[in-house]
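# Working through the structure, step by step
Here is how the chains run, residue by residue.
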Amino acid sequence: MIVGEFVDTYPPCVDGVGRVTFSYCQNLIALGHQAYYIAPNAPSGEEVCDFPTLLQKSLPLPGEAYRLALAKLDVRYRLKLDAIPFDIVHTHSPFSAGEEALRIARKRDIPLVTTFHSKYYQDFYDKTHSELIAKEVVRHIVRFYNKCDSVWTVNNATAQVLADYGYHGKILVMENGTDPVEPKAEDVAEARRRFCREGVPVFLFVGQHNYKKNLHGVLGAMAILRKKGQPFHLVTAGDGPDFDAITEEAKTLGIGDACTFEGFISDRSRLMALYRCADLLVFPSVYDNAPMVLREAATMSTPGLVVKGSCSAEGVEDEVNGFICANETPEAIADTILRALPMLDTVGEKARQTIPMHWRDIILRAVDEYEKLIRERQGGHREEDA
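Just so it is clear, the model here is predicted, and its values are computed rather than measured.

This paragraph deals with a nonpolar patch on the surface. Residues Leu59, Leu61 and Leu68 make up a contiguous nonpolar surface patch of roughly 230 Å² in combined accessible area. Turning to its location among the elements, leucine 68 is positioned in strand 5 (residues 67–69). Among the residues examined, leucine 68 registers a relative accessible area of 40% and is labelled partly exposed.

Next up on the list: the pattern of salt bridges. Taken as a whole and judged by the stated rule, the model has 22 salt bridges. For the salt bridge of lysine 213 with aspartate 288, the shortest nitrogen-to-oxygen distance reads 2.7 Å. A residue pair is termed long-range when its members are at least 10 positions apart, and lysine 213 in the loop between strand 10 (202–206) and helix 8 (215–227) and aspartate 288 in the loop between strand 13 (280–282) and helix 11 (292–299) qualify at 75 residues. Residue classification places lysine 213 among the buried residues on the basis of a relative accessible area of 10%. A salt bridge links aspartate 257 to arginine 226; the shortest N-O distance between them is 2.8 Å. Of this pair, aspartate 257 sits in the loop between helix 9 (243–252) and strand 12 (259–261) while arginine 226 sits in helix 8, and the two are 31 residues apart along the sequence. By relative accessible area, aspartate 257 is classed as exposed at 64%. Salt bridges sharing common partners tie together Arg19, Arg268 and Glu296.

Moving on, we come to the side chain of serine 130. Checked against the element boundaries, serine 130 lands in the loop between helix 4 (120–128) and helix 5 (131–145). Judged by relative accessible area, serine 130 falls into the buried class, the value being 18%. A distance of 3.1 Å separates a polar side-chain atom of serine 130 from the backbone nitrogen of isoleucine 133.

Turning to helix 8, a few remarks are in order. Look at helix 8: 19 Å from first C-alpha to last across 13 residues, which is about the 18 Å you get at 1.5 Å a residue. Extensive coverage of helix 8 is indicated by the burial of 10 of its 13 residues. Residues of helix 8 that are buried: Leu215, Gly217, Val218, Leu219, Gly220, Ala221, Met222, Ala223, Ile224 and Leu225. At its buried positions, helix 8 is contacted by strand 10, strand 11 (233–237), helix 9, strand 12, strand 13 and helix 12 (330–340). One or two residues past the end of helix 8 sits glycine 229, with phi positive at roughly 85°.

Let us look at the environment of aspartate 123. Locating aspartate 123 in the fold gives a position in helix 4. A residue is classified by how much of its surface remains accessible, and aspartate 123, at 10% relative accessible area, is buried. Put simply, aspartate 123 and glutamine 378 are 255 residues apart on the chain and 38 Å apart in space, counted from C-alpha to C-alpha. Aspartate 123 has contacts with Ser118, Lys212 and Tyr287, leaving out every residue within four places of it along the chain.

If you trace the 6 strands from one edge of the open sheet to the other, you get 12-11-10-13-14-15, paired in parallel fashion. The strands lining the two open edges of the sheet, one partner per strand, are strand 12 and strand 15 (323–325). Each strand of the sheet is rotated relative to its neighbour by a mean of 25°, with strand direction disregarded. Judged from the 3 bridges that link them, strand 11 and strand 12 form a sheet pairing that is parallel. Among the inter-strand pairings, leucine 234 is bridged to a residue of strand 12, identified as cysteine 259. Contacting strand 10, strand 11 and strand 13, helix 10 (residues 268–277) runs over the sheet at an angle of about 140° to strand 10.

Another point: the pairing of strand 6 (residues 88–91). Of the two faces of strand 6, both are covered, the one formed by Ile88 and His90 as well as the one formed by Val89 and Thr91. Across 4 bridges, strand 1 (residues 2–6) lies against strand 6 in parallel orientation. Looking at strand 6, one finds that valine 3 is bridged to isoleucine 88. Following the chain from strand 6 across helix 3 (residues 96–108) to the adjacent parallel strand 7 (residues 112–116), one finds a crossover that is right-handed.

Okay, the packing of helix 10 against helix 11 next. One can describe the packing of helix 10 onto helix 11 by two numbers: an axis separation of 8 Å at closest approach and a directional angle of 75°. Classified by the interaxial angle, the pair formed by helix 10 and helix 11 is roughly perpendicular. Contact residues: Arg268, Leu271, Met272 and Tyr275 in helix 10; Val293, Glu296, Ala297 and Thr299 in helix 11. Partitioning the contact of helix 10 with helix 11 into residue classes produces 5 nonpolar, 1 polar and 2 charged.

A separate point is the nonpolar core. Within the largest apolar cluster, 58 residues are counted, with the highest numbers of intra-cluster contacts made by Phe203, Met222, Tyr275, Leu281 and Ile337. With 8 residues, the top contributor of residues to this core is helix 8. For tyrosine 275, the residues in contact, after removing those within four places along its chain, are Leu204, Val206, Leu281, Val293, Glu296, Ala297, Met300 and Thr302. Counting 33 residues, the second largest nonpolar core, distinct from the first, contains Ile84, Ala101, Ala105 and Leu112.

What counts as what
Residues numbered from 1 in each chain as written. Predicted model: local features only at pLDDT ≥ 70, side-chain atom pairs only at ≥ 80, totals over all residues. Heavy atoms only, no water. Patch = residues over 30% accessible without salt bridge, like charges linked within 9 Å, V, L, I, M, F, W, Y side chains within 5 Å. Areas by Shrake-Rupley, 256 points an atom, 1.4 Å probe, with all protein chains shown as cover. Salt bridge = Lys/Arg side-chain N within 4 Å of Asp/Glu carboxyl O. Helix = DSSP H or I, 4+ residues; strand = E, 2+ residues; numbered from the N terminus. Buried < 20%, exposed > 50% of the residue type's maximum accessible area, 1.4 Å probe, protein only. Polar contact = N/O pair within 3.5 Å; in protein donor to acceptor, adjacent residues only side chain to side chain. Expected span 1.5 Å × (residues − 1). Contact = heavy atoms within 4.5 Å. Pairing = 2+ DSSP bridges. Axes fitted to C-alpha atoms, helices over the stretch in contact; angles between N-to-C directions. Right-handed = clockwise from strand over helix to strand, strands pointing away. Parallel < 35°, antiparallel > 145°, perpendicular 65-115°, else oblique. Nonpolar A, V, L, I, M, F, W, Y, C, P; charged D, E, K, R; others polar. Core = buried A, V, L, I, M, F, W, Y, C linked by side-chain atoms within 4.5 Å.

Scope: geometric values only; no functional claims are made or implied.
Structure representation (structure tokens):
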């Protein structure tokens, strides 16, 4: 089977959705299929993936890490794309990547799958402060999904978000996975040397440094812990538009000496060593849908803290395989951290046993769905109608 996986980001600018697409390609190829990562090119124009890619010429978007694909104007890209006999295409974005995947699907008369990953209404409202624009984006998304053969979401809570947007078609839940990566001994030793002190718990945040991720709540909670006399070392990994403001806020709150802002970590072993050395992943975001960081941390027996009712909290049982705080305020986060401290080891072990889902298992299920859609298209009808 030959699959085109379309997305709007390419290394080194890869968000969570790009990492999902990366994992789809890697695991499809490992299973004996052909998979192509199709996206706007990086600023350098270099191909850095170790599997087939098709990169489109692109332009930077002002104030954004993302780039605008120029697929229609890129003749070399179009010639390469036209030479590949795709059996199915899968887009992880309803925007430029989605439109390009739809064009190919219609031209070739092949199935189109799409995955809903993000809370787009919130994204566009935050950028424009316009309900009108955000609602129009949502209408565009629903119109696009109505043109697809199969619509997937990453968990049940995200499926409800999409239904609330006004999409009333069938939704298939296809979870995100993770692959256990054993960090190098030297990376673990270095992380422990830098971050670990006797009697000082290490709290970790991994993700885009954007205030929509509730990093304000994380820093506020740390300030409360300091006032209560609870020692800590907060370590963050990631970059983003609010990185400088977040580091300044830590100084303003008087906790800068207890915080380390590592920036984006591209080395997988270093990142996994950080998970292993952390005592608790603090992730009180109500924006994220199914963050892979919770699964990655769990593979290293590090439990996560999430907010009650958030999409991120799906699959987390309080004081069993993670910790759930009542809301996203600094006070609730700090109270939950203090409650968690005596239980970190046992809850972390349960997280390791129950939360990670291997990418191979996810992709095997995705392949079954791909093949079913291909058979339906070739047979001219859906199997459930037979």
